[in-house]
Amino acid sequence: MQRRHFMTSVAAAAALGALPSFAQGKLPAGPVRILVGFSAGGGTDILARIVANKLNTLWGIPVVVENKPGAAGLIAAAEAAKAAPDGSTLMLGHINPLGIAPALYSKLNYSAERDFAGLALIGQTPQVLVAAPKSADSLAALLAQLKRKPGELSFGSSGTGSAQHLALALFEQAAQVSALHVPYRGASNVMTDLMGGQIDYAFEGMTTAAPFIKSGKVRALAQTGPKRVKAFADLPTVAEQGFAGFNASIWFGLVGPAKMPADLVARINRDVNQILALPDVVARLEEFGAEDGGGSAARFDAFMKDERTKWAALVKARGIKLES
């Protein structure tokens, strides 16, 4: 029914040259911005543009992606939090500014809990535990190494407090091992040094790691989601390999400023769910390992609350602090 309704709307748009007025949905008359806290061309940006292009067609008004990179998404989040709650400014939310940052920063320019209305979860993407070419070829072999050499094996990440770093911290906690964390400024440097053997291992986002895995330049030992995703159906999860419940996924979802009218939240949630059900969108998201999106706005709000609680507990337990 949802897909039929979407296709009917698109057909009407083609016939009339524009979609009907959405006054009853209270969408803004002018452009809708979707802020992205990361550079153009990255996974977050690409997912935002997939959704924006479909909303542009469905709503009949410009829906544009604006990149506001910097501070791991915090700059975009601060701007989105202060925007008018009329639907004209939305954000593709990300685990870093909305799930992890509240545990790491005593002072933020926004409140992840109070300043945002969850609209729809777009998807969850596992990270991949990858190894340098001459390092262990299985998770079991890695665990044996970690137990023989506590604190010596190096794991790169995109920076202290990043999703990649917290995946390592969660793994250390679950396996009761210790490693040497090596923070970098960005994933590209991590992968370069991993390929060259300057570091031993890394947890990295699937979209970043996939080309290097497929070319044989690094080894994939496990994926970090609750289940295998179709993009890497042959790669077992950490949970499958002895650590039940392990989940260090990176997630994305559409959010807006708090105090958006309930009917507008419901309208955007419904339309995004229609888009997420389209076969071409499903196929594109699966390329990135982004699965398990959709559902109600309330589901997404509850999901984000659970994520904040989870990562705050880990940050406290592991004593993780940002570098001064």
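So, a few notes on the structure that sits alongside this text.

What counts as what
- Residues numbered from 1 in each chain as written.
- Predicted model: local features only at pLDDT ≥ 70, side-chain atom pairs only at ≥ 80, totals over all residues.
- Heavy atoms only, no water.
- Pairing = 2+ DSSP bridges.
- Helix = DSSP H or I, 4+ residues; strand = E, 2+ residues; numbered from the N terminus.
- Axes fitted to C-alpha atoms, helices over the stretch in contact; angles between N-to-C directions.
- Contact = heavy atoms within 4.5 Å.
- Buried < 20%, exposed > 50% of the residue type's maximum accessible area, 1.4 Å probe, protein only.

### Some thoughts on the sheet that holds strand E5 (residues 127-131)
Through backbone hydrogen bonds, the strands of a sheet pair up, either in parallel or in antiparallel fashion. Reading across from one edge, E7-E6-E8-E5-E9 is the order of the five strands in this open sheet, with mixed pairing throughout. Each edge of the open sheet carries a strand with a single partner, namely strand E7 (180-183) and strand E9 (219-223). Across the sheet, the axes of successive neighbouring strands diverge by a mean angle of 30°, strand direction being ignored. The pairing of strand E6 (residues 154-157) with E7 spans four bridges and is parallel. Along E7, the bridge assignment pairs Ser 154 with Leu 180. Here helix H6 (residues 163-175) sits on the sheet in contact with E5, E6, E7 and strand E8 (201-205), set at roughly 125° to E8. In the packing of helix H7 (residues 187-196) onto the sheet, contacts are made with E5, E6 and E8, and the angle to E8 comes to roughly 145°.

### Side note on unusual backbone geometry
Of note in the backbone geometry, Gln 176 takes a positive phi value of approximately 55° without being a glycine. For Asp 292, which is not glycine, the phi dihedral falls at a positive 65°. Its location among the elements puts Asp 292 in the loop between helix H10 (279-287) and helix H11 (297-318). Judged by its relative accessible area of 38%, Asp 292 falls in the partly exposed class.

### Re the environment of Pro 126
Position of Pro 126 among the secondary structure elements: in the loop between strand E4 (116-125) and E5. Pro 126 gets classed as buried once you look at its relative accessible area, which sits at 2%. For the pair Pro 126 and Lys 227, spaced 101 residues apart in the sequence, the C-alpha separation amounts to 8.8 Å. With residues up to four places along the chain from it excluded, the contact list for Pro 126 reads Met 206, Gln 223, Thr 224, Gly 225, Val 229, Ser 249 and Gly 289.

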